[in-house]
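What the coordinates show
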Amino acid sequence: MQFLERYFKLKDNGTNVRTELLAGLTTFLTMAYIIFVNPSILGDAGMPKDSVFVATCLAAAIGTLIMGLYANYPIALAPGMGLNAYFSYTVVKGMGMSWEVALGAVFISGCLFILVSLFKVREMIINSIPPALRTAITVGIGLFLAIISLKSAGVVVSNPATIIALGDLHQAAPILAILGFFIIVALDRLEVPGAILIGILTITVASFFFGGNQFNGIVSTPPAIEPTLFKLDIMGALSIGIVNVVLVFFLVELFDATGTLMGVANRAGLLKDGKMERMNKALLADSTAIAAGACLGTSSTTAFVESAAGVQAGGRTGLTAVAVALLFLGSLFFAPLAHTVPPYATAPALLYVACLMLRELTFIDWDDSTESIPAAITALMMPFTYSVASGVAFGFITYAVLKLLTGKGKQVSVVAYIIAAIFLFKFIYLGE
């Protein structure tokens, strides 16, 4: 106990071992849904779900352990929502790349993230990107997740006349998905720990009775990770995916990680003069986890905003993160349960996360059309083109053009102009 006290500086942070461990359990319960959702999403890209399940648990454990032991923050990491959707539905299914090449792109973006953190140029890049576009990227990914979740639930279906249409709500899948959504929202509003996880498991149980699902057990030895381990294709990613894939992965990872880290640290009272003392260490933990996750076989790992639940429960140090990491390792033995969860059971979780991401709209300056219009274009183009990359591209181009046409060109940073020019060149000379 004294070792833990000295290493994590528990008394200095006004906490103790019991509080930290309970906070870790709280955080884990709120984010454990990712071990069911991530294999489902990456499975759509053709990846073996059992191996992705193992990679998800290991990547989350490794990243969170580094965050706890190295940065000493009560922040957990796992494969990020939105980034996994971009991986599967835009890069693999949309662009026709193999999942091995997509993993290579994730690895490269992680290495770039490491360099940015080591050389401390994160603030320069973040400050160079218009706040409206940073906000819009989050909102757009939320809309993208929404359409994916509604499709998985059978609530929305394709229609040759209207492109999309309402599905058959007399079927078990959409009915159970809608029920799951209400359960998750209600439980979360009532501040029940693990609301999303409870919703997923409740609908999974119901699927045995009403959805024709088959029970495969709960506990077993962990599946083999060999089908995804070190299967990334770095050279393939370098040859065809730099502009559309690596750049988008990198930008979203950077914004997501920075925003989440600052938000959770602020809620924990860990900011001094508005800054995180060990921000670079936290970012190095995040970026190292991205690279490690790609080697294991999963999409980008990032800091989870659900860590705020553990902070609310009293977590203040890295011991909370260590507890979360150990729980993710323990989850490796629940592969049969993960394999049993149907898509319409995880769809409500996706839709709820999507709804939460839309609240970022309040941070956009709607009175300035040179700010709000590029933000709206960014957000709208993601679901309507079924591509996060296209939304980011159109957003940067629109922002630069409108600022130039209205005499506000000096408000745009050189970095933003360069990104806009790269995307414009891609559209003109490289096509879709």
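Residues numbered from 1 in each chain as written. Predicted model: local features only at pLDDT ≥ 70, side-chain atom pairs only at ≥ 80, totals over all residues. Heavy atoms only, no water.

- As recorded by an unreviewed UniProt entry, the chain carries the name NCS2 family permease and is attributed to Janthinobacterium kumbetense.
- Per UniProt, the comment on the chain under Sequence similarities (unreviewed entry) is "Belongs to the nucleobase:cation symporter-2 (NCS2) (TC 2.A.40) family. Azg-like subfamily."
- Quoted verbatim from the Subcellular location (unreviewed entry) field of the UniProt record, the comment on the chain reads "Cell membrane". (UniProt positions renumbered as here; feature names shortened; annotations may be inferred.)

**Observations concerning the overall build of the chain**
- Of regular secondary structure, the chain possesses 20 helices and six strands.
- Against the globule reference of 22 Å for 432 residues, the chain gives a C-alpha radius of gyration of 21 Å, in line with a compact fold.
- Along the longest, intermediate and shortest principal axes, the C-alpha atoms of the chain span 60 × 55 × 45 Å.
- The burial tally for the chain puts 55% of its 432 residues in the buried class.
- When contacts within the chain are restricted to residue pairs at least 6 apart in sequence, long-range pairs at least 24 apart make up 81% of them.
- Carbon and sulfur atoms form 66% of the exposed surface of the chain, whose accessible area is close to 18,300 Å².
- Counting 23 positive and 24 negative side-chain charges, the chain places the centres of these two groups 6 Å from one another. (Helix = DSSP H or I, 4+ residues; strand = E, 2+ residues; numbered from the N terminus. Rg over C-alpha atoms; globule rule 2.2 N^0.38 Å. Buried < 20%, exposed > 50% of the residue type's maximum accessible area, 1.4 Å probe, protein only. Contact = heavy atoms within 4.5 Å. Areas by Shrake-Rupley, 256 points an atom, 1.4 Å probe, with all protein chains shown as cover. Lys, Arg positive; Asp, Glu negative; His and termini not counted. Charge placed at Lys NZ, Arg CZ, Asp CG, Glu CD.)

**A short note on the side chain of Thr378**
- Along the chain, Thr378 turns up in helix H18 (residues 369-385).
- A distance of 2.7 Å separates a polar side-chain atom of Thr378 from the backbone oxygen of Pro374.
- If we skip the residues at most four places from it in the chain, Thr378 touches Leu133, Ala136, Ile137, Gly391, Val392 and Gly395. (Polar contact = N/O pair within 3.5 Å; in protein donor to acceptor, adjacent residues only side chain to side chain.)

**Quick word on the nonpolar core**
- Of all hydrophobic cores here, the largest spans 129 residues; its most connected members are Phe87 and Phe396.
- Here the element with the most residues in this core is helix H12 (residues 242-267); it accounts for 14 residues.
- In this structure, Phe396 is in contact with Ile129, Pro130, Leu133, Leu251, Ala416, Ile419, Ala420 and Phe423, ignoring residues within four places of it in sequence. (Core = buried A, V, L, I, M, F, W, Y, C linked by side-chain atoms within 4.5 Å.)

**Comments concerning the packing of aromatic side chains**
- By the definition in use, this model includes nine aromatic pairs.
- Their ring planes at 45 degrees and their centres at 6.4 Å tell us that Tyr33 and Phe304 sit as a pair that is tilted. With Tyr33 in the loop between helix H2 (17-31) and helix H3 (34-43) and Phe304 in the loop between strand E6 (301-303) and helix H14 (307-312), the pair connects residues that are 271 residues apart, well separated along the chain.
- The exposure class of Tyr33 is buried, given its relative accessible area of 2%.
- Look at Phe208 and Phe215: their rings are 5.7 Å apart centre to centre, the planes differ by 85 degrees, and that puts the pair in the edge-to-face class.
- A residue is classified by how much of its surface remains accessible, and Phe215, at 52% relative accessible area, is exposed.
- Three or more aromatic residues joined by ring pairs make a cluster, and in this case those are Phe3, Tyr7 and Phe8.
- Its end group placed over the ring of Tyr73, Arg278 keeps NZ or CZ at 4.2 Å from the ring centre. (Phe/Tyr/Trp six-rings, centres within 6.5 Å; stacked < 30°, edge-to-face > 60°. Lys NZ or Arg CZ within 6 Å of the ring centre and 35° of its normal.)

**Observations regarding unusual backbone geometry**
- One non-glycine residue with positive phi stands out, namely Asn72, at about 55 degrees.
- The topology assignment puts Asn72 in the loop between helix H4 (49-71) and strand E1 (77-79).
- The class of Asn72 is buried, set by a relative accessible area of 14%.
- Even without being a glycine, Phe230 presents a positive backbone phi close to 55 degrees.
- With respect to the element layout, Phe230 can be found in the loop between helix H10 (195-210) and helix H11 (234-240).
- Look at Phe230 and you get exposed, because its relative accessible area is 57%.

**Overview of the environment of Asn127**
- Looking at the element boundaries, Asn127 is found in helix H7 (residues 122-128).
- Sequence separation between Asn127 and Val415 is 288 residues; the distance between their C-alpha atoms is 9.6 Å.

**Re a nonpolar patch on the surface**
- On the surface, a nonpolar cluster with roughly 490 Å² of combined accessible area is contributed by Phe215, Ile218, Val219, Phe333 and Phe334.
- Examined against the element boundaries, Phe215 turns out to sit in the loop between H10 and H11. (Patch = residues over 30% accessible without salt bridge, like charges linked within 9 Å, V, L, I, M, F, W, Y side chains within 5 Å. Salt bridge = Lys/Arg side-chain N within 4 Å of Asp/Glu carboxyl O.)

**A short note on the pattern of salt bridges**
- Enumeration according to the criterion identifies three salt bridges in this entry.
- Note that Lys408 is salt-bridged to Asp368, the shortest N-O span being 3.7 Å. Separated by 40 residues along the polypeptide, Lys408 in the loop between helix H19 (388-405) and helix H20 (414-430) and Asp368 in the loop between helix H17 (343-357) and H18 bring together distant segments of the chain.
- Judged by its relative accessible area of 28%, Lys408 is partly exposed.
- Residue class for Asp368 comes out buried when judged on its relative accessible area of 18%.
- Among the ionic pairs, Lys403 bridges to Glu371, the shortest N-O distance being 2.9 Å. Of this pair, Lys403 sits in helix H19 while Glu371 is found in helix H18, placing the two residues 32 residues apart along the sequence. Judged on exposure class, the residue Lys403 and its partner Glu371 are both buried.

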